[in-house]
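Notes for the structure review
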Amino acid sequence: MPQTDLLDTYRAAMRHVAATVYAVTTGHEGERYGIIATAVNSLSFDPPSLLACVNRAASLHDPLASADRFCVNVLGLGNRDVADCFVRGGSGAERFGVGEWEELEGVPVLASAQSSLVCRVAHRQAYGTHTIFIGELIAARHRQNAKPLTYYDGRYIDISEAPDHPGA
């Protein structure tokens, strides 16, 4: 298969993988930075850690490459306005103009997020167009009964309406 066909098929396949939406944030030199991401995953329970993959062209990349901490805010359905604001872009002040943001361990944390996981950067690994940031958990918040904001096929979907039992 030619390389362009392979890339097109890969993109089409990944569009059909439902993914939780995250606001990955950091603070650097007195400024706030953040992006919307879906390439975040748990890594280990010992030590508790996760990884976040950030495109090197993203506005968050260089500040995060210099920072020692970041936060993965797991967005819920009620945070779609935050996701939309982050996607529109703009400066840090513009991106953080929507939602109730607090500082925890020196990084921006969304008060209404489904969960917020503050990490110390344990390792950075460049690969392809991205850098993989491995974060070791240093603080966490979680709200019960929040419904996740999910991205699928180029749009947000509500998976909380899915059937509760297999085969339904």
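Below is a summary of the structure that appears in this document. (Residues numbered from 1 in each chain as written. Predicted model: local features only at pLDDT ≥ 70, side-chain atom pairs only at ≥ 80, totals over all residues. Heavy atoms only, no water.)

1. Observations concerning helix α3 (residues 80-88)
- Those residues of α3 lying buried are V82, A83, C85 and F86. Angular distribution of buried residues about the axis of α3 spans 165 degrees; they occupy a single face of the element. Turned more than 90 degrees away from the buried face of α3, the exposed residues are V87 and R88.
- Buried residues along α3 sit in contact with β2 (22-28), β3 (31-37), α4 (92-95), β7 (101-104), β8 (107-110) and β12 (155-157).
- Count one or two residues on from α3 and you reach G89, which has phi positive near 90 degrees. (Buried < 20%, exposed > 50% of the residue type's maximum accessible area, 1.4 Å probe, protein only. Helix = DSSP H or I, 4+ residues; strand = E, 2+ residues; numbered from the N terminus. Arc of directions from axis to C-beta. Contact = heavy atoms within 4.5 Å.)

2. Thoughts on the nonpolar core
- The biggest cluster of nonpolar side chains holds 16 residues, and the ones touching the most others in it are V24, V40, L64, F70 and V72.
- When contributions to this core are tallied by element, the ones reaching two or more residues are β2, β3, β5 (48-55), β6 (69-74) and β9 (115-127).
- Listed in part, the 12 residues of the second largest apolar core include V21, L75, V82 and L110. (Core = buried A, V, L, I, M, F, W, Y, C linked by side-chain atoms within 4.5 Å.)

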